[in-house]
Amino acid sequence: MSERDRPWIMRTYAGHSTARASNALYRTNLAKGQTGLSVAFDLPTQTGYDADHLLARGEVGKVGVPISHLGDMRTLMDRLPVEQMNTSMTINATAAWLLSLYVALAEEQSAAVAMLRGTTQNDIVKEYLSRGTYVFPPAPSLRLITDMIGFTVERVPKWNPINICSYHLQEAGATPVQELAYALVTAIGVLDAVKEAGKVPAERFPKVVGRISFFVNAGIRFVEEMCKMRAFVALWDRICRERYGVEDPKLRRFRYGMQVNSLGLTEQQPENNILRIVLEMLAVTLSKDSRARAIQLPAWNEALGLPRPWDQQWSLRAQQILAYETDLLEYGDLFAGSVEVQKKQRALEEEAWAEVERVLAEGGAVAAVESGSIKQRLVESNAARLRRIEAGQQVVVGVNKYLEGAPSPLVADLDEAILVVDPKVEAEQVASLARWRETRGDVHAALDALREAAAGDANVMPASIAAAKAGVTTGEWAGALREVFGEYRAPTGIAASAPLTPSVESAEGETARIRRARGGLTKKLGRRPRLLVGKPGLDGHSNGAEQIALKARDVGFDVVYEGIRLTPAQIASSALEEGVHLIGLSILSGSHAALVPEVLEALKDAGVEAPVVVGGIIPDADAGRLRDAGVARVYTPKDFELDRIMSDLAELVAEASA
Amino acid sequence: MSAAPETLAAGLLQRDRRAVAQALNLVEDARPAARGRIAALLRLVRDDVAEAGHVVGVTGPPGVGKSTLSAALARSLRRRGQRVGLVAVDPSSLASGGSLLGDRARMGDGEPDPGLFIRSLATGGHAGGLSHAAPAAIRVLLAAYDVVLVETTGVGQTETEVRDVVDTVALVVQPGSGDTLQFLKAGVMEIPDLLVVNKADHEALATRAVSDLRSALATAERIGLGGGLSILATSATTGRGFEDLAAALAAHRASLGDSLAARRRAGEVAWAAARFTARHGSHGVARLGGDDALRARIADALPGSAVPLVVDALSTLFLEDLSRAIAPKAETPS
């Protein structure tokens, strides 16, 4: 038997409630055989707000762990020696800050900073396009990234300062070609910026190229996905050689971690998701030449709510069985010389390269973000995908085919089948933050130094690390930089998007029927029915809201959509000013229980009487409570038939105006 | 739900946000039954808005950043203590009639600003960069706010009617946009009162863009266009130039002085005439004695009435005239 290959790093994206609870979770996960940490931060931490900020309400500890200051970082890493860890942090706009806290902690523990290993995600481009936790405008955001690269190349050489993510592009609907192209133009944008900033000497530049790593997605079409990975390897090698002149093949290696697709996980017959997850994992493991360095898998019940430790363990076991029980790691590349695989790989490379050149001609990734052109193409791809599922052209087992089946014992008690974050967590974090502020020393000087570094040409990392040690909080760090850099809102990308539905002439069936009904509604109301699509809270996952907004336009609504991260008061104010007939809220962070009642209250205060519907990852029990609170309809991932939702909305407006 | 026009008018003058919202819902109402109430509301606030406030049109080709510029301008005006109403017009889809509105940032960091009111309007098939309800919506906002910003759709060359409904036209262009000047020279774009070079994100760019435009304008001036036109550079990203823009707008408003009321009246007459012409064509205009006669009739009727009613009244007049003209023919045996 040939020598087995070393397995990839196995991680579980984890973190919730508090630093203490998350630390306990990490230690259990490592005991189960997990080999690296993947820290999920809560949305206030990701968007640079302290737990007591107005916008943080309902979001603290929900989708990840709140880290407000060095004390929280100490608790998070308690009894986890930083020198021995390989820690991946899903952090972007505030990546420089979280790395600063991590470095400050290491220095405090007298650990060798040069030995730290891990990854800060730090891909701001995909935040503008898909994930929505950006804070600063593109130029200063890129500058923070180049500062981090400059810092880590010198001081923390084993750290991956940036992890270019095609993952979230696929979640936003990207095709394999789009995923390849937009990830590569993002990497080019970052490297060009580093080069232009001139903070790294030319001879060190190949090392910078070598530190660029990627985070990819794999969907259920796992053969095509595997070919996509092979195409990534080939195209990246070409870019490193041709554009940056990197001669050392080691520095040209396409290093990537992956998480399989969450977009394709279903709420219907959710037990099937574990099979999807395993098949998708094959896409990044089967071919040795393009195998992932690190893998984290979602849990089978993610479309229902937050996964419990057991759910995550099931996914980890899938990795362990593939790596340790099967013979996969005993062979070289299984597909070298495969005619079919090569053909598909070439086709993907060619199409992706054409798209890369198109974006570069447009001025590069950042210009294409600012113009909204990439975003618009993603919104259109996602719309096409949803249309195929709705029309039954793309089979999703248990969703649009093979619906009949025995009830699953796994979800017999739905409320027990997910993790519920204790609502008291937020108050605890706010209280501990207040205690922190009282007991720390004066932070003014540290913040002034940070502002000065940000406003000038200096690398912000040393001032950030000093601020971390001085006791500055996440909100204060981001607040200081907001003052210097300003705050950014990305284009929503939907205004110019092509219609989802065919033109009027050929639009037969449901859409045409809804349009006719809507015509009657316009006569009755005296003006076209108006829908406000609102995203309260800090959740930036706007794909659902975008698709509803587009579809509503296409059946003839006037749709007001103002993008992500709005407070209940802002939503109520917009509803009043815009004179809407109906309000649709989209919340995917699990904070609906706190946010929806606040929006209802704010609407009442503003004197808006329009009915409210809510969409999101909302467990049944919560849906009942929301309806009791006055919500007219609740939609969850299983409501994939947009036409039916549109009929509902039109009926609600008609009833409300009767 | 539907408050009386008197209640709404009183609410507007007290700057009550709910009244503003309801009044805007009313002026958008296309049902025939709403006509009388819309006209009554507009008559009630007529004297209060005749010379009050300042209506600024923000116009320009697509992609120049009108939305971000309007938002930044509104912020700047708020800092000067002025209350701002913003009417933003977005295009309707030709296929479905639906539209996506409000793809623009609300301002502030969480708390809504009571001194700012933003209403989006869909063109609803109305050509010319505005919406049929825009003039009435402007009057409603003028009754409650100090400055009313009107952001047009960005259809570019056809936005000539904005001149009829605003006091000051600010044309927004991008650095290095020579085609804008071509449009100006060719007369397909209305001559603005101010030219704003947006996206001038750094000093060098701003300086060069302004001097480019100035030298190009010098050519235009020789053929009698754009004399004394102010050119300003702004950057919504850095916040540059907005204080100057606010000051330049105020200066233009001041320069209008006593002519403001007359200018607004003339705009109203032009708008009404355009509505009548759109409805009945040049044949209809000829039937009422030609364009000048039509305008004179409108101008006579307007002080006691409002645009929708005047247009309705003239339409009725025209249709009666038409049916009298046709009737005898119908009785003629064939």
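Everything numeric here is computed off the predicted structure, so don't read it as measured data. (Residues numbered from 1 in each chain as written. Chains lettered and ligands numbered in written order. Predicted model: local features only at pLDDT ≥ 70, side-chain atom pairs only at ≥ 80, totals over all residues. Heavy atoms only, no water.)

### Focus on the overall build of chain B
Of regular secondary structure, chain B possesses 12 helices and eight strands. Of the roughly 14,000 Å² that chain B leaves accessible, carbon and sulfur atoms contribute 54%. (Helix = DSSP H or I, 4+ residues; strand = E, 2+ residues; numbered from the N terminus. Areas by Shrake-Rupley, 256 points an atom, 1.4 Å probe, with all protein chains shown as cover.)

### Side note on the overall build of chain A
Per the secondary structure count, chain A includes 25 helices and 15 strands. Taken against the 2.2 N^0.38 rule, which gives 26 Å for 658 residues, the C-alpha radius of gyration of chain A at 24 Å falls within 12% of a compact globule. By residue count, 63% of the 658 residues in chain A fall in the buried class. Partitioning the intrachain contacts of chain A with sequence separation of at least 6 by distance along the chain shows that 79% fall at a separation of at least 24. Carbon together with sulfur atoms contributes 54% to the accessible area of chain A, which is approximately 24,000 Å² in total. (Rg over C-alpha atoms; globule rule 2.2 N^0.38 Å. Buried < 20%, exposed > 50% of the residue type's maximum accessible area, 1.4 Å probe, protein only. Contact = heavy atoms within 4.5 Å.)

### Notes on the sheet that holds strand E11 (residues 530-534) of chain A
Through backbone hydrogen bonds, the strands of a sheet pair up, either in parallel or in antiparallel fashion. An order of E15(A)-E14(A)-E13(A)-E11(A)-E12(A)-E3(B) is seen for the six strands of this open sheet, with the pairing classed as parallel. Of all the strands in the sheet, the pair left with one neighbour each is strand E15 (633-635) of chain A together with strand E3 (99-101) of chain B. Averaged over all pairs of adjacent strands, the angle between strand axes in this sheet comes to 20°, irrespective of strand direction. Packed on one face of the sheet, helix H23 (residues 592-606) of chain A meets strand E13 (582-587) and strand E14 (612-616) of chain A and runs near 155° to E13(A). Along the sheet, helix H25 (residues 642-657) of chain A contacts E11, E13, E14 and E15 of chain A; its crossing angle with E15(A), the most-contacted strand, is approximately 165°. (Pairing = 2+ DSSP bridges. Axes fitted to C-alpha atoms, helices over the stretch in contact; angles between N-to-C directions.)

### What to know about the confidence of the model for chain B
Residues with a pLDDT of 70 or more make up 83% of chain B, whose mean pLDDT is 82. Low pLDDT, under 50, characterises residues 330-334 of chain B; the stretch is placed with zero contacts to residues that sit more than four places away or in other chains. (pLDDT = per-residue confidence, 0-100.)

### Looking at the pairing of strand E7 (residues 194-197) of chain B
All names here are of chain B. The alternating pattern of E7 places Leu194 and Val196 and Leu195 and Val197 on opposite faces, both of which are buried. Pairing geometry for strand E6 (residues 168-173) and E7, over four bridges, is parallel. Looking at E7, one finds that Ala170 is bridged to Leu194. Where E7 and strand E8 (residues 230-233) come together, four bridges link them in parallel fashion. If you follow Val197 over to E8, its bridge partner there is Ala233.

### Describing the domain arrangement of chain B
Residues and elements named next belong to chain B. The domains assigned to chain B are domain 1 (1-50), domain 2 (51-256) and domain 3 (261-331). Just the C-alpha atoms count here: the centres of domain 1 and domain 3 sit 24 Å apart. The largest contributions to the domain 1 side of the interface with domain 3 come from Arg35, Arg43 and Arg46, which together make up 62% of the buried area. Our enumeration of links across domain 1 and domain 3 arrives at two salt bridges. If you look at where domain 1 meets domain 3, you find four residue pairs in polar contact (both at pLDDT 80 or more). Classifying every residue of the side of domain 1 that touches domain 3 by side-chain character gives five nonpolar, no polar and three charged. (Domains from an automatic or database assignment. Buried area = accessible area lost by both parts, 1.4 Å probe. Salt bridge = Lys/Arg side-chain N within 4 Å of Asp/Glu carboxyl O. Polar contact = N/O pair within 3.5 Å; in protein donor to acceptor, adjacent residues only side chain to side chain. Nonpolar A, V, L, I, M, F, W, Y, C, P; charged D, E, K, R; others polar.)

### What to know about the interface of chain A and chain B
With 41 residues of chain A at the contact, the number on the chain B side is 33 residues. For the pair chain A and chain B, the summed buried area comes to about 3,000 Å², and 49% of that belongs to carbon and sulfur atoms. If you look at where chain A meets chain B, you find three salt bridges. Between A:Arg530 and B:Glu28 there is a salt bridge whose closest N-O contact spans 3.7 Å. The tally of links between chain A and chain B comes to 17 residue pairs in polar contact (both at pLDDT 80 or more). Contributions of two or more residues to the side of chain A that touches chain B are made by helix H20 (510-525), helix H21 (543-554), strand E12 (558-561), helix H22 (568-578) and H23 of chain A.

### Topic: empty space enclosed by the protein
Summary: where empty space remains is shown by rolling a probe the size of a single water molecule over the atoms. All names here are of chain A. Within this structure, the stated rule accounts for six cavities of 30 Å³ or more. What lines the second largest cavity is simply Asn92, Ala93, Ala95, Ala96, Asn122, Ile124, Phe136, Ser141, Leu144, Ile145 and Met148. Per-element tally for the lining of the second largest cavity: the top contributor is helix H6 (residues 138-155), with four residues. (1 Å grid on protein atoms, 1.4 Å probe; cavity = no way out; pocket = protein on both sides within 12 Å on 5 of 7 lines; lining within 4 Å. Points joined across faces, edges and corners; volume = space filled by probe spheres on them.)

### Concerning the sheet that holds strand E4 (residues 86-90) of chain A
All names here are of chain A. If you trace the five strands from one edge of the open sheet to the other, you get E2-E3-E4-E5-E6, paired in parallel fashion. Two strands bound the open sheet, and with one partner strand each, they are strand E2 (13-14) and strand E6 (159-160). When strand E5 (residues 117-120) meets E6, the two strands line up parallel, connected through two bridges. Of the residues in E6, the one forming a bridge with Gly118 is Trp159.

### Topic: unusual backbone geometry
Residues and elements named next belong to chain A. Residues other than glycine seldom take positive phi values, yet Arg79 does so here, at roughly 60°. Inspection of the secondary structure assignment puts Arg79 in the loop between helix H3 (70-76) and E4. Residue classification places Arg79 among the exposed positions, given a relative accessible area of 60%. Notably, Arg565 is not glycine yet its phi reads approximately 60°, a positive angle. Mapped onto the secondary structure, Arg565 falls in the loop between E12 and H22.

### Description of a negative patch on the surface
A cluster of like negative charges, contributed by A:Asp413, A:Asp415, A:Glu416 and A:Asp620, occupies part of the molecular surface. Tracing the sequence through the fold places A:Asp413 in the loop between helix H15 (373-390) and helix H16 (424-439). (Patch = residues over 30% accessible without salt bridge, like charges linked within 9 Å, V, L, I, M, F, W, Y side chains within 5 Å. Lys, Arg positive; Asp, Glu negative; His and termini not counted. Charge placed at Lys NZ, Arg CZ, Asp CG, Glu CD.)

### A look at helix H18 (residues 460-470) of chain A
Two residues of an α-helix separated by three or four positions point the same way, owing to the 3.6 residues in each turn. When we look at burial in H18(A), the residues that qualify are A:Val460, A:Met461, A:Ala463, A:Ser464, A:Ile465, A:Ala467 and A:Ala468. Residues of H18(A) that are buried sit in contact with H3, helix H4 (95-108), H6, helix H17 (444-455) and helix H19 (474-485) of chain A.

### Structural notes on helix H3 (residues 32-49) of chain B
All names here are of chain B. For H3, with 18 residues, the first-to-last C-alpha span of 25 Å sits near the 26 Å given by 1.5 Å per residue. Taking the largest bend as the criterion, H3 deviates by roughly 30°, centred on Arg43. Looking only at H3, the buried set comprises Ala34, Ile38, Ala39, Ala40, Leu41, Leu42, Val45, Arg46 and Val49. (Expected span 1.5 Å × (residues − 1). Bend = angle between axes of the 7 residues up to and from the residue.)

### Re a positive patch on the surface
A cluster of like positive charges, contributed by A:Arg6, A:Lys250, A:Arg253 and A:Arg293, occupies part of the molecular surface. Among the secondary structure elements, A:Arg253 is positioned in the loop between helix H10 (222-242) and strand E9 (256-260).

### Thoughts on the confidence of the model for chain A
Mean pLDDT for chain A: 91, with 97% of residues reaching 70 or above. Under a pLDDT of 50 for its full length, residues 501-507 of chain A has, in the predicted model, 11 contacts with residues more than four places off or in other chains.

### Comments concerning the environment of A:Gln376
Here A:Gln376 shows up in helix H15. C-alpha of A:Gln376 to C-alpha of A:Leu129: the two residues are 247 residues apart in sequence and 9.2 Å apart in space.

### A look at the packing of aromatic side chains
All names here are of chain A. In the structure shown here, the tally under the stated rule is 17 aromatic pairs over all chains. Aromatic pair Tyr102 and Trp159: ring centres 5.5 Å apart, planes at 50°, arrangement tilted. Taken as a pair, Tyr102 in helix H4 and Trp159 in strand E6 lie far apart in primary sequence, 57 residues in all. Its relative accessible area of 0% is what places Tyr102 among the buried residues. Ring plane angle 80° and centroid distance 5.4 Å describe the contact between Phe136 and Phe485, whose orientation is recorded as edge-to-face. A residue pair is termed long-range when its members are at least 10 positions apart, and Phe136 in the loop between helix H5 (124-131) and H6 and Phe485 in helix H19 qualify at 349 residues. On the basis of relative accessible area, Phe136 is assigned to the buried category, the value being 1%. (Phe/Tyr/Trp six-rings, centres within 6.5 Å; stacked < 30°, edge-to-face > 60°.)

### Thoughts on the nonpolar core
Residues and elements named next belong to chain A. Of all hydrophobic cores here, the largest spans 167 residues; its most connected members are Met77 and Trp236. The dominant element in this core, judged by the number of residues it contributes, is helix H8 (residues 176-197), at 13 residues. There are two domains that each give this core at least three residues, and those are domain 1 (9-340 + 399-414) and domain 2 (504-657). Leave out the neighbours within four places in its chain, and Trp236 touches Leu184, Ala187, Leu191, Val209, Ile212, Phe214, Arg252, Arg253 and Phe254. (Core = buried A, V, L, I, M, F, W, Y, C linked by side-chain atoms within 4.5 Å.)

### Looking at the state of the cysteines
All names here are of chain A. Evaluated as defined, the whole model comprises zero disulfides over all chains. Left unpaired, Cys165 is separated from the closest cysteine sulfur, that of Cys240, by 17 Å. Owing to a relative accessible area of 1%, Cys165 belongs among the buried residues under this scheme. (Disulfide = S-S within 2.5 Å.)

### A closer look at the side chain of A:Asn261
All names here are of chain A. As for its position among the elements, Asn261 is in the loop between E9 and helix H11 (273-283). Only 2.6 Å separates the side chain of Asn261 from the side chain of Gln170, close enough to count as a polar contact. Apart from residues no more than four positions distant in its own chain, Asn261 is found in contact with Gln170, Glu171, Asn217, Ala218, Gly219, Glu280 and Pro298.

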